[in-house]
Amino acid sequence: MCGHVIDAMLPAVKAWYEQSNFARSDVPFSADVFCERNAFDLDQSRRILAAAKALGLAVRAHVDEFTDLGGVRMAVELGALSVDHLDVTGADGIAALAGSDTVGVLMPAVNFNLGSTHFANARAMLDAGAIIALATDLNPGSAPCYSLPLVMALACRYMKMLPAEALNAITINAAHALGLGHRVGSLEVGKQADLLLCDISDYRALSYDVGVNHVERVMKRGAWVK
């Protein structure tokens, strides 16, 4: 399977990307690998990501969801945009992440949906200096969650993140995890005007309230769309 991914699938994906709207819009396209027991092991994951990088694709990895195989350090060494899940990442992985520009993407809705009481150690990662983003990991298998505010609420309650850290994690840090931090994710001159207007008096309400949609208006690329 690893050889098929490297020899057939990655070149086909690269050829498709070069003819796609993503390439025409200068949106990075990434190869992702699930480095986990009973999936791709550490050596296979390294080979796949190295091959993708050689083709000019950005790379990222799903690591440490159930087993710490050393995937964080491997992905960091390959210059990954992000490493996702990190539920069981140990001290070595946290140190590697903190010493890099790779974004750690945490997905507490997965743990919540699966009924787990164990969550990624966001507090240790942030205190070490790691860049942390939050995501829903929306999928029908493990995270049927559409709500980033719910993810923020879970992160503050179960992963000891501060509301300001959670807000940062779903905006500018999330943009950098996609390789788009220079274009979106914050309100700056020259960036794309993507805005949400929320009916709240304090930004902390986004993490404090549970199950509430505070969004009143949405602007995309400078035009109101909702």
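Here is a short report on the structure shown in this document.

## Here we look at the packing of helix H1 (residues 2-18) against helix H3 (residues 42-54)
Part 1: Where H1 meets H3, the closest approach of the two axes is 9 Å, and the angle between their N-to-C directions is 10°. Judged by the angle between their axes, H1 and H3 are roughly parallel. Of H3, the residues touching H1 (which contributes Cys2, Val5, Ile6 and Leu10) are Gln44, Arg47, Ile48, Ala51 and Ala52.
Part 2: Residues that form the contact of H1 with H3 fall into these classes: seven nonpolar, one polar and one charged.

## Details of the packing of helix H8 (residues 148-158) against helix H9 (residues 163-170)
Part 1: One can describe the packing of H8 onto H9 by two numbers: an axis separation of 10 Å at closest approach and a directional angle of 140°. As the angle between them shows, H8 and H9 are arranged oblique. When you trace H8 past H9, the crossing you get is right-handed. Here Leu148, Met152 and Cys156 of H8 come into contact with H9, specifically with Pro163, Ala166, Leu167 and Ile170.
Part 2: Residues of the contact of H8 with H9, tallied by class, amount to seven nonpolar, no polar and no charged.

## Structural notes on the nonpolar core
Part 1: Core analysis: the biggest nonpolar cluster contains 45 residues, and Leu10, Leu86, Leu106, Met125, Leu134, Met159 and Met161 have the highest contact counts within it.
Part 2: Per-element tally for this core: the top contributor is H8, with five residues.
Part 3: Among all residues touching leucine 10, those that are not within four sequence positions of it are Val5, Ala31, Ile48, Ala51, Ala52, Leu55 and Leu57.
Part 4: Counting eight residues, the second largest nonpolar core, distinct from the first, contains Val103, Val105, Met107 and Ala174.

## Section: the environment of valine 5
Part 1: Turning to its location among the elements, valine 5 is positioned in helix H1.
Part 2: Note on valine 5: relative accessible area 11%, which makes it buried.
Part 3: Expressed as a C-alpha distance, the spacing of valine 5 and glutamate 18, which sit 13 residues apart in the sequence, is 18 Å.
Part 4: If we skip the residues at most four places from it in the chain, valine 5 touches Leu10, Pro11, Phe40 and Ile48.

Analysis parameters
- Residues numbered from 1 in each chain as written.
- Predicted model: local features only at pLDDT ≥ 70, side-chain atom pairs only at ≥ 80, totals over all residues.
- Heavy atoms only, no water.
- Axes fitted to C-alpha atoms, helices over the stretch in contact; angles between N-to-C directions.
- Helix = DSSP H or I, 4+ residues; strand = E, 2+ residues; numbered from the N terminus.
- Parallel < 35°, antiparallel > 145°, perpendicular 65-115°, else oblique.
- Contact = heavy atoms within 4.5 Å.
- Nonpolar A, V, L, I, M, F, W, Y, C, P; charged D, E, K, R; others polar.
- Left-handed = near helix turned anticlockwise from the far one by under 90°.
- Core = buried A, V, L, I, M, F, W, Y, C linked by side-chain atoms within 4.5 Å.
- Buried < 20%, exposed > 50% of the residue type's maximum accessible area, 1.4 Å probe, protein only.

No statement about biological role is implied by the geometric values presented.
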